[in-house]
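# Examination of the molecular architecture
One-letter residues, chain by chain:
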Amino acid sequence: MFIRAKEKKNKTSGKSYYTYELVESRRTDKGPRQVTLLNLNPFDLERKYWKLLAKRIKQILCGQQRLVPLEDRLEALARHYAMLLVKQQKSHQINTNTPDYLSVDVHGLDSGESRSIGQEYVGMQTMKELGFFDIFKQLEFNQISVDLASLLIVGRLIHPSSERELKRYIQQTSGFNDLVKTDISRLPNNALYETSDLLFEHKEEIEQFLRQHAKARFRLGESIILYDLTNTYFEGDATYCDKARHGHSKEKRNDRPLVTLGVVLDEQGFLKASQVFEGNVTESKTLMDMVSKVHARAKDQQPTLLVQKPTVVIDAGISTEENLSALKDNGFEYIVVSRSKPKDVPEDLQLVEIKDGIKVKSFEQDGEMILHCQSDGKAVKENAIVTRARERVEKELAYLQQGLTIKRRLKNYDKIQQRIGRIRQKNSRVSAGFEINVVRKGNNAVDITWNFDHQKLSKAYDGSYFLRTSRTDLSDSQIWSLYVMLTTVEDAFRCLKDELGLRPNYHRKPERIEGHIFITVLAYHLLQYIRYKLTKAGLSHRWKTICSWLETHRIQTTSLPREQGGVIHIRHCTTATIEQQQVYSALEINNMPVKPRKTVIQQK
């Protein structure tokens, strides 16, 4: 066994370069022949170590130990290439129900090539449940494209990153290669980018199929449709993307160009359709454009939506009078939070508790149903905010007051008043409750006093808010429950941005930019299914927590020297922990991601 360098020329540039191979000489009926065992590229080891490396690879394959250990770098390389050779050998699936007794040297036991398998396994099984492989088959994807598409989608679920980082993760950390038919351990540089382009090319067909499959699989009613927008920023300038514009960034990255993502969800949080808009789209000014575009796409799909006039659930930031009028004129119903307290609220309105800590009562006004809501939890939160703001103001006032008797501290009356004005501006929530008196003597202030009256605040901060809806056919509890569904959209966007790597976007080409977003959307389909199943089983942990549990489920190769010579290599998974078993049970999948396989290397 030896390492050989082969000189080649680039057909385009004419430049020479070298490729490196691990070669073995074998005797055949036609004489000695050299057989290439393994392509070593990329390979940057100094030539003087080649013979030593090749010899050590053969020793590892045959289960032989060195009396003098190699330096760490050479030993690691030798073990890596030895494991790659083992993978190429013909292996046999082990029947765990049948005993297989062998005489081995336990002192020569060795384990290596340990990779994470739990997260990858859950992702692949979820893709199977949601019918991804069925739509790939309908679209006539070849096996390599199917495996690379799976890698992109599952990779975004478990290790959200750029394609370059995903490639590194697969090659060095993940056991994903053990779950697919294609050897993806040595990916070409552009393979993932080209697969991303392929997925985005079939965006419409894939989204329609997933919607149909999820609706049938989970018997989704689609009785209400939720709409919302979010945006993602670029690390680069996105010069070639027409939709990349500067706008209001929800990540406070107004210095970077943005694109905006609009989504349609049902009440269970399953995604129905998505659309990428220009980055300077503002929610309040372009609501009707967004709702009409996205709903038109969802309405044209088969099966059609069950509701003829969808109820648009939006937050207070979008619910301007102009938008509400436009919604009604275009045949949409709506449920929104009122931007201000309605006029002429009945004084004798008796609120009724519909849930622990939630009281509501409705009344009709100007053709709308107004629902007065009072939340104990909201009251506690609001009062905590008021208390913190009040303490900030009093701390700053006390600092100014103390400074009146300290050298080189602010004493000028006019500047003191300016400072107090800025304090009020920064704490406008509690400013009305403060009465502040500054005693003047000449040009200076000599004393500052204040008192705070909670009753003078602009609102009571008792946890009250008002919902407005055009749906006069709903009960009080139904109106409140439908509005609370808006948290489903907020939660979906939180998952897309925080757990699935929607932000930032590193691409420059328009199709790659939208492809990155579409892969994130596809990963959300997986995540929502997983959360749906886990919640039904009583597991309400965040996805990051579930990932931390699954990450420790490993697949590894254990090597054992045999008494009669040679080595037996067993590729197997570690035993699932209690937490891992709970997740697998909730998802109704096997506790063993990959069945163990055995490879026997005969000593030569």
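The structure under discussion appears in the preceding block.
Residues numbered from 1 in each chain as written. Predicted model: local features only at pLDDT ≥ 70, side-chain atom pairs only at ≥ 80, totals over all residues. Heavy atoms only, no water.

Our next topic: the sheet that holds strand β2 (residues 16–28). With antiparallel pairing, the 3 strands of this open sheet are ordered in space as β1-β2-β3. A strand with exactly one partner marks an edge of an open sheet, and here the two such strands are β1 (2–9) and β3 (31–39). Neighbour-to-neighbour, the strand axes of this sheet turn through a mean angle of 45°, independent of strand direction. Relative to β2, β1 is paired through 8 bridges, and the arrangement is antiparallel. (Pairing = 2+ DSSP bridges. Helix = DSSP H or I, 4+ residues; strand = E, 2+ residues; numbered from the N terminus. Axes fitted to C-alpha atoms, helices over the stretch in contact; angles between N-to-C directions.)

With the rule as written, the count across this model stands at 5 cavities of 30 Å³ or more. Within this model, the largest cavity holds a volume of roughly 110 Å³. Residue assignment for the lining of the largest cavity shows that the elements contributing at least two residues are α1 (50–62), α2 (72–88), β17 (554–561) and β18 (567–573). Partitioning the lining of the largest cavity into residue classes produces 5 nonpolar, 7 polar and 3 charged. (1 Å grid on protein atoms, 1.4 Å probe; cavity = no way out; pocket = protein on both sides within 12 Å on 5 of 7 lines; lining within 4 Å. Points joined across faces, edges and corners; volume = space filled by probe spheres on them. Nonpolar A, V, L, I, M, F, W, Y, C, P; charged D, E, K, R; others polar.)

Take the packing of helix α5 (residues 143–158) against helix α16 (residues 510–536) next. At a closest axis distance of 8 Å, the pairing of α5 and α16 adopts a crossing angle of 65°. It follows that α5 is roughly perpendicular to α16 by the angle criterion. The two elements α5 and α16 meet at a crossing, and its hand is right-handed. Across the interface between the two elements, Leu152, Ile153, Val154, Arg156 and Leu157 of α5 pack against His516, Ile519, Thr520, Leu522, Ala523, Leu526, Leu527 and Ile530 of α16. Looking at side-chain class alone, the contact of α5 with α16 contains 10 nonpolar, 2 polar and 1 charged residues. (Parallel < 35°, antiparallel > 145°, perpendicular 65-115°, else oblique. Left-handed = near helix turned anticlockwise from the far one by under 90°. Contact = heavy atoms within 4.5 Å.)

Before going further, it helps to examine the pattern of salt bridges. Under the counting rule described, the total for this entry stands at 22 salt bridges. Arg26 serves as the salt-bridge partner of Glu24, at 2.8 Å between the closest nitrogen and oxygen. Judged by relative accessible area, Glu24 falls into the buried class, the value being 9%. Taking the relative accessible area as the measure of exposure, Arg26 reaches 35% and is therefore partly exposed. (Salt bridge = Lys/Arg side-chain N within 4 Å of Asp/Glu carboxyl O. Buried < 20%, exposed > 50% of the residue type's maximum accessible area, 1.4 Å probe, protein only.)

The subject of this paragraph is the pairing of β17. Most of β17 sits inside the fold, with 7 of its 8 residues counted as buried. One ladder, built from 5 bridges, connects strand β5 (residues 110–116) with β17; its direction is antiparallel. Within β17, the position partnered with Ser116 by the bridge is Arg554. By the bridge criterion, 7 bridges tie β17 to β18 in an arrangement that is antiparallel.

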